[in-house]
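# A structural walkthrough
As a plain string of letters, each chain reads:
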Amino acid sequence: MSSSDFDVRRIGGRIGAEIVGVDLNIDLDESIVREINAALLEYKVLAFRGQRLDDAAQIRFASRFGELTTAHPTLPSADGQPHVLPVDGEGGVRSNSWHTDVTFVARPPKITTLRGIVVPPYGGNTLVANAAAAYQDLPDELRELADRLWAVHTNDRYHDYPVPKSASPRYLEHRKLFTSRKYQTVHPVVRVHPETGERGLFIGSFAQRIVGLSGTESRDILRLLQSYVTRPENVLRWRWEPGDLIIFDNRITQHYAPDDYGDLPRLLHRVTVAGDLPVGVDGKTSYVIEGDEAPHYTPA
């Protein structure tokens with residue numbers, strides 16, 4: 001495609017649009033990519049129905065927005081595809097907590113793409129929340145407090161998630177791999193978007209405590225701020241069909257996959273674009289406490 005003959009159709013009042021008339025199986029003209037990126041910055045998440053991509057096409061599309069990360073800092077990639085992370089619900093491995101991807105490293109991904117491969121006949125949706133709208137919803141006093149806070153993000157969060165009695169071997173292996181290398185990184189609670197200048201709440205389930213506060217105080221404040229992110233008016237629910245692809249701005253959104261499809265199979269493939277160091281309202285950048293800046297995962 002070399003001309004802007006596609007439609008951008010809003011699908012949420014505060015977040016989300018569907019792109020109609022773009023075939024991601026072909027190499028897109030740079031002008032089309034710029035328009036898609038502009039729509040992404042505005043709507044935070046874009047959806048493409050029925051694309052039926054393979055891994056190579058998903059990688060090609062994602063790479064138009066920047067250098068790619070590898071699949072994950074600790075989890076294995078899809079066979080023969082170092083940039084592709086299988087998001088597979090088999091064995092009870094579910095991402096049913098609100099999070100922004102990989103915020104436990106210094107440079108979390110800029111953009112996430114998800115492609116539906118095996119979709120259950122019911123449930124298995126993906127919810128995406130607008131963290132900028134959440135910030136705007138805060139009362140002035142709470143917004144001023146949030147502007148000053150920094151939070152420790154870590155992948156070692158399983159102490160809050162006891163092992164289920166019915167845990168499968170695959171779940172136990174996933175849990176072990178996820179924390180096989182420990183990371184702790186301090187990020188601003190309010191991140192300034194590097195392209196739009198918007199402020200958004202940069203928290204989610206990897207954010208475990210507030211710098212300078214006790215665990216109890218941290219949990220109370222994070223729970224309060226998180227409640228603004230997940231208000232229904234700030235959330236888009238995407239109902240998957242096989243072949244769909246969604247792309248969201250990982251710098252200013254959170255997402256969640258409800259565990260509501262029983263033992264049915266569900267498989268998505270994830271490819272992410274490398275990001276930069278988050279910047280707070282005061283102009284300071286994120287820093288590492290434990291681990292490294294994960295250069296094997298995302299280039300500096």
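Use the structure listed above.
Below, the structure is looked at part by part. (Residues numbered from 1 in each chain as written. Predicted model: local features only at pLDDT ≥ 70, side-chain atom pairs only at ≥ 80, totals over all residues. Heavy atoms only, no water.)

## Considerations on the sheet that holds strand β2 (residues 17-20)
Overall, mixed pairing links the seven strands, which are arranged β1-β2-β3-β13-β5-β15-β4 in an open sheet. Only two strands of the sheet have a single neighbouring strand rather than two, namely β1 (7-10) and β4 (85-88). For this sheet, the mean inter-axis angle between neighbouring strands, taken without regard to orientation, is 25°. In terms of strand pairing, strand β3 (residues 45-48) meets strand β13 (residues 245-249) through four bridges, oriented antiparallel. Bridge pairing in β13 places Ala47 opposite Ile246. With respect to the sheet, helix α2 (residues 55-63) is in contact with β3, β5 (111-118), β13 and β15 (267-273), its orientation differing from that of β15 by roughly 30°. (Pairing = 2+ DSSP bridges. Helix = DSSP H or I, 4+ residues; strand = E, 2+ residues; numbered from the N terminus. Axes fitted to C-alpha atoms, helices over the stretch in contact; angles between N-to-C directions. Contact = heavy atoms within 4.5 Å.)

## Let's talk about the pattern of salt bridges
Here the structure, examined in full by the defined rule, presents 19 salt bridges. The partner of Lys182 in a salt bridge is Asp156, with the nearest N and O atoms 3.8 Å apart. A residue pair is termed long-range when its members are at least 10 positions apart, and Lys182 in the loop between α5 (169-178) and β8 (184-188) and Asp156 in the loop between β7 (150-154) and α5 qualify at 26 residues. Residue Lys182 is classed as partly exposed on the basis of its relative accessible area, which comes to 33%. In this structure Asp156 comes out as partly exposed when scored by relative accessible area, which is 31%. (Salt bridge = Lys/Arg side-chain N within 4 Å of Asp/Glu carboxyl O. Buried < 20%, exposed > 50% of the residue type's maximum accessible area, 1.4 Å probe, protein only.)

## What to know about helix α6 (residues 215-229)
Spanning 15 residues, α6 covers 21 Å between terminal C-alpha atoms, matching the ideal 21 Å at 1.5 Å per step. Among all positions in α6, only Ser218, Ile221, Leu222, Leu225, Gln226, Tyr228 and Val229 are buried. Summarising the axial view, the buried residues of α6 lie within an arc of 145°, below the 170-degree limit, and thus occupy one face. (Expected span 1.5 Å × (residues − 1). Arc of directions from axis to C-beta.)

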